[in-house]
Each structure stands twice: as C-alpha cells, then as structure tokens.
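Geometric and topological summary
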Amino acid sequence: MDRLKQHYSETKDFLGKKKPGMKKFLFGMKNNDGFIYKLCVYFILIVFSFVFLYPLIYMISISLMSNIDLVDNTVQWIPSKLYTFNYKMTWKALNLPNSYFTTALLAGLSMLCVAISSGVIGYGLARFDFRGKKLVLVLMLFTFIVPKTLFFIPRFQIYSALGLKGNLGAILIPALTGQGEQAALFILIFYQFFKMIPKSLEEAAFIDGAGPFKTFIKIAVPMAGPALIIVCVYSFSLYWNETFSTSLYLDGKLKTVPMLLGNLQNNFGQVISQSVKGDASVNPNLNFTEAKIFAGTILSIIPLAALYLFIQRWFVESIDKTGITGE
Amino acid sequence: MIKKQKKIGKRNRFNLKRKRGLTGLCFISPWIVGFIAFVAYPLYKTIYMSFNNVFYGNETGWKYEWIGLDNFRRILFEDVDFVVEAQNFFMTTLLYVPVIIALSIIIAMLLNQKVKGTAFFRLLFFLPIIILNGELMKNMSEYGGMSININEAIVDVISMVVPNKTITLGIVLIFNTVVELLWYSAVPILIFLAALQKIDRSVYEASAIDGASSWSTFWKITLPNIYPLVSVVVIFIVVFLANFETNTINNIIMESKYDGSRREGYASALSILYSFLQIILISILYFITRSRKNSKEV
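Cut-offs used in this document
- Residues numbered from 1 in each chain as written.
- Chains lettered and ligands numbered in written order.
- Predicted model: local features only at pLDDT ≥ 70, side-chain atom pairs only at ≥ 80, totals over all residues.
- Heavy atoms only, no water.
- Salt bridge = Lys/Arg side-chain N within 4 Å of Asp/Glu carboxyl O.
- Helix = DSSP H or I, 4+ residues; strand = E, 2+ residues; numbered from the N terminus.
- Buried < 20%, exposed > 50% of the residue type's maximum accessible area, 1.4 Å probe, protein only.
- Contact = heavy atoms within 4.5 Å.
- Buried area = accessible area lost by both parts, 1.4 Å probe.
- Polar contact = N/O pair within 3.5 Å; in protein donor to acceptor, adjacent residues only side chain to side chain.
- Nonpolar A, V, L, I, M, F, W, Y, C, P; charged D, E, K, R; others polar.
- pLDDT = per-residue confidence, 0-100.
- Pairing = 2+ DSSP bridges.
- UniProt positions renumbered as here; feature names shortened; annotations may be inferred.
- Core = buried A, V, L, I, M, F, W, Y, C linked by side-chain atoms within 4.5 Å.

1. Structural notes on the pattern of salt bridges
Residue and element names in this part refer to chain B. Within the structure shown, the criterion is met by five salt bridges over all chains. Two residues, arginine 73 and aspartate 70, come together in a salt bridge whose shortest N-O distance is 2.6 Å. Placement of the pair is arginine 73 and aspartate 70 together in helix 2 (residues 70-78), with a separation of three residues, close to one helical turn. Note on arginine 73: relative accessible area 38%, which makes it partly exposed. Residue glutamate 78 pairs with arginine 73 through a salt bridge whose shortest N-O separation is 2.8 Å.

2. Let's talk about the interface of chain B and chain A
At the interface, 99 residues of chain B touch 96 residues of chain A. With both sides pooled, the region where chain B packs onto chain A buries about 8800 Å², and carbon together with sulfur makes up 75% of that total. In terms of surface lost to chain A, no three residues of chain B exceed B:Phe27, B:Trp31 and B:Phe38, which account for 11% of the buried area on that side. The interface formed by chain B and chain A holds zero salt bridges in total. On inspection of chain B and its partner chain A, the count reaches ten residue pairs in polar contact (both at pLDDT 80 or more). Broken down by element, the side of chain B that touches chain A gets its largest block of residues, 21 residues, from helix 1 (residues 2-50) of chain B. Class assignment of the residues belonging to the side of chain B that touches chain A gives a composition of 66 nonpolar, 22 polar and eleven charged.

3. A look at the confidence of the model for chain B
Predicted coordinates in areas of low pLDDT are best not read in detail. Residue and element names in this part refer to chain B. On average, residues of chain B carry a pLDDT of 81, and 90% of them reach 70 or more. Confidence scores differ between elements of chain B, with helix 14 (residues 292-297) showing the lowest mean pLDDT of 47 and helix 3 (residues 81-111) the highest of 90. Predicted complex, confidence summary: ipTM 0.82, pTM 0.83.

4. A look at the pairing of strand 1 (residues 52-57) of chain B
All names here are of chain B. Of the strand pairs in this sheet, strand 1 and strand 2 (residues 61-66) are connected by six bridges, and their pairing is antiparallel. Within strand 2, the residue paired with valine 54 across the bridge is tyrosine 64. Hairpin connection between strand 1 and strand 2: a loop of three residues separates the two successive antiparallel strands.

5. Quick look at the UniProt feature "transmembrane region" (unreviewed entry) in chain B
Residue and element names in this part refer to chain B. Look at the UniProt record and you will see "transmembrane region" (unreviewed entry) annotated at residues 21-44, 89-112, 119-137, 167-196, 226-246 and 266-288. The straight-line gap between the two end C-alpha atoms of residues 119-137 is 25 Å; of that span, 89% is helix and 0% is strand. Between the C-alpha atoms that bound residues 226-246 the distance is 30 Å, and the span itself is 81% helix and 0% strand.

6. With respect to unusual backbone geometry
Here the phi dihedral of A:Gln182 falls at roughly 50 degrees; this positive angle occurs in a residue that is not glycine. Here A:Gln182 shows up in the loop between helix 8 (169-176) and helix 9 (183-196).

7. Description of the nonpolar core
Membership of the largest hydrophobic core comes to 182 residues, with the highest contact counts inside it found for A:Phe194 and B:Trp183. Excluding residues within four positions of it along the chain, A:Phe194 makes contact with A:Gly119, A:Gly122, A:Tyr123, A:Ala126, A:Arg127, A:Phe216, A:Ala220 and A:Ala224.

Below, the structure is given as structure tokens:
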C-alpha cells in the first residue's frame, strides 16, 4: 500500500514537473512558436507544394514511360523501366542544343536592352522634375494595361516598313525604347529604387563637378544592383518564354524553344521519318503521345530552372532590397 | 544693387531648374520616341483601321475602304465567338482574382514564418516566375497534368475518405483550378512577401505584450499593412491573365487577321473592344479593392 502511494506521488511529481515543459513544447510561449503551430505550418506548406508540384511530378513520370506503359493500367507513377527514347527524339525535334543558343541569344540581348533603357528612363523619372511627368506616368500605365493585341497590326506594318521584320531588330528596338514586353513594370522597378537613393549623394557629386550623366553612371548605376538583378532575371525569362511577338515579327526565321515546342507534333513526325526506320503500326512507341509532349516541355524548361537554382539566392535577396512594394 | 543681385540669383535658380528639367527629358527621351513610334501612332492606326475594310496586295500595298461602324456591328451582333469568349474571360477573371489574392496572401504569410526550411519552399513557389509560359501551361492542362482524376490511385484514396460521390467530384474540380491558380500566383506571392518583410517586428512584439491573439494581430496589423498592395496585384493579375498565351481571345484576334472575310480591320475592332473590356475589368476590381486610406486622400 505504501509503495503504491509512493509510486503515485512520484508519478504526480513527475507529471507536475514535466507538464509545463510539455505544454511549452507543444504550444510555445507566445502564440506562434509551439510545436503544434510549426507542425501546422509545415503541413499546410507541404499540402500546397504538393498541389503546386503535382503537374511537374506527373509530367516527369509520364515522360519517362514508353507508349506501352501509358496504356497499361498497372503502371501508375513509376515506369516499368527507365525509358529515354522520348527525350532522345524530342531533343532532335526541338533542334537542341542549337535552339537553346538561339533563344538564349534573343533573351540575353533583349535583357540587355530592357535593362539599359528602363534604367535610364527610370532614373530620369525618379530624379528630375519637369512638366508633363505625371502625364508620362499615366501613359506608361496605359501601355501596361492595354493588351498587346491592340498594337500588333500597325506594329507589323511599321516593322516591315523599317525593314525590321524577320530579324532581331523587331524585338530589340522596342525594348531599347522602353516599349517592350511589360516595359512599364521594369521602368517602375527602377523608378522606385532610384527614388530611395538619398539626394545628398547626388548633390555631393554635383558640387564636385559631375554632370548628370556622369552622376548616373558613377553613382546611381553601381548602387542599383538589386533592381538590376530583378529586372535582368525577370526580363530574361519573359523574353525566353515569349511566343506572341517572336512568332509574329520574326517570320519564322529565328525559332525559339517555346515556338518549336508549340509545333512539336510536326517536327517529331519529321524526325521519326528521317532517323528511325520503322512503322508506327508495328512499333507503337513511334506514335506521338503525351509522353513525347511532356518530354519536350521538360526539355524546354530545364535551362531556365537550372539558371534559377543558380541565381535564386541573389534574386530572393534583392527582392527585399528593391522596395518593389513601394507603390 | 542688392535688388539686382537678387534678380540675378532668381534667374540663375530658374535656369538651373529648367536645365535639370531638360536633362530629365533627355533621360526619358528614348521612351518618348518609343511611345510615339510604337504606341501612339499604332493606336491611331488601329482605331482608323477598325472603321475600314483593309486589303493588302503585293503591288498596291495597303488599301483602306471606309465602312463606318460595320466591323463593330458584326462583332457584337452577328458573330458569336468573341462575345462568348469575352463573357467567359470576364467571369473567370472576376472569380480568379480574389482566389489568387487569398492564396498568395496565405502562402506569403506561411513563407514569412520563422520556421526552418522556408527557403526551400520559397524557392519552389517562385519557380513559375521563371519558367511559366503559355506552351507549358497548355501542355500541362491539355494532357491531364493538372487533373488528379486521371490518376486513379489518388481518386480512390479521396473516395475512400469521402464516400459521397459528388463531394469527391467537387474536390477533384477544385484541385484542378487550384493547381492552375497556384502556378499563376508566383509574382503576387513575391509582392506580398516583400511587403510582409517590411513590417516592423517591434509592432508585433508590442501587440503580443498587449495580449493580442494572432487572429486579431492578422486583422489589425498584417492586413492593413499589405492591403495597399492588393490593388497593385489586381492590376498585375488581370493584365497577366489577359495577355497570357492560353487566353483564347488573343487567338481569335490573331486568326481574324488572316481570315479572308475579316482581315485587319475586323481584328483591330476586336482588339479595341478587348482593350475596353480589360480596362473596365481593371477599374471594377481596382475600385473594389482600393484601400480606404488612399480614397480619403484622393
């Protein structure tokens, strides 16, 4: 009996000591640092990222399947064996790696033009007062809001009149004059950023005898790193992914990866008839199915995804510094 | 003597100001040139064309035949394709925008928690900023990448948990839409996250000392701080959805240009109507979500 009582009181003591710790562990000191809270955060994040990643996982899994696996009901996620034929053929159909270089060249040059023009224009708007500045800002918003289909026919005429159609000029010259894809957004990013630079820095440079252009190059540009990174990354990917203006104005002379991806079925048929001797009715793997489409899609996004992994650290860092959220 | 000096000083200051204004104009002159060449003139041309039948011959060049409002009449009262698609676009955008905003605020708040591993999730949710394009989205949705009902294993699990068949179907439907919207909400997440990180930590600490629950902290501190950005995000999303390659209206306009019975004039009229639709949409959503503080100032 005594032993039982002793045991009881020991347990009570033990629980009494443990309980606050346990409670603290589970619910935390404040509202939001307990274990349960963290568990909930992780749970919701994982659910969201599953929903978000589902198409990608599905595409990768399907793209590694042969056509026989596709119709096999027992094969759901994991292919019966690793099957790279889809990738080999779509690699040829997308004209890789040449089209990677074409697209990278187009996107890179456009990125340069966008960065230069929006930097200069953003600086002009942020640092100088002149008549009609508000009008410029309103018109800029207008160019951002209206759909790009509003201008495409007259621009088509203008480019053919200027001899820009069918070469890179049709993409680069609008970018250089601040009228490219979503140019108003890039100008606004620089505008916000240059507004944050203290005025006294510029005044000091002015007193030392630097003109406005020298001040811009020597003082404003070196400070604009974060804004530059964001604009460069975003404009590069924007022009890489662009199919509307590239397919319209380039006349099919330059083919970017997304354009080729849109025409994958035809190209795939050609590649098959040229390189593989075989009949689709005998070898079902030669048929064009979603496995091929997914393989092509993944090939088209891989360079950008790799690039993103490489630069994401600076990208995320500079988001905090630019003050995108100022307006 | 003193008066004269004052006068000179004034004039100098005036000149300096004017000079700075001119330098500013110098800086934005590329934009002005671009605006006149690639926006103002095309806008005039588009409006002009929309009142004309446009022909193109190899020898004659561009030819215009004035027909008044005929193009608009055909679009609105004879042909159905644009009207139907425009209504679809209008309604889906009105429904999508609030969901995207809610989703992106939730995710941005989760990513803003001081929990290990958020860097990884951040990496994940920002991915569409870089890789999203029309072809990718089209291929993903057309071949079943975004719907779980193609995958029987998952549907089986859901129907095991929820025996009611209509609810299962509902979940499957919601899943499809949410996948699509999550892919669209990368930039909004980024904007909201940046705004959340700007809020001073000490405000939260003060409210915690005063005994505010996290629920009221969200409504009283977090939301008012990020609310001004909602209207920015609204504009961004509507523009994004309208220009996105999977949008069928853009295809209708593009194809009308090459359609023998429609040609450029008809396509111009279409794009003008489409711009009006988009401006109306943006202004509706903008005035709904405009923050109260701003409206008082204005």
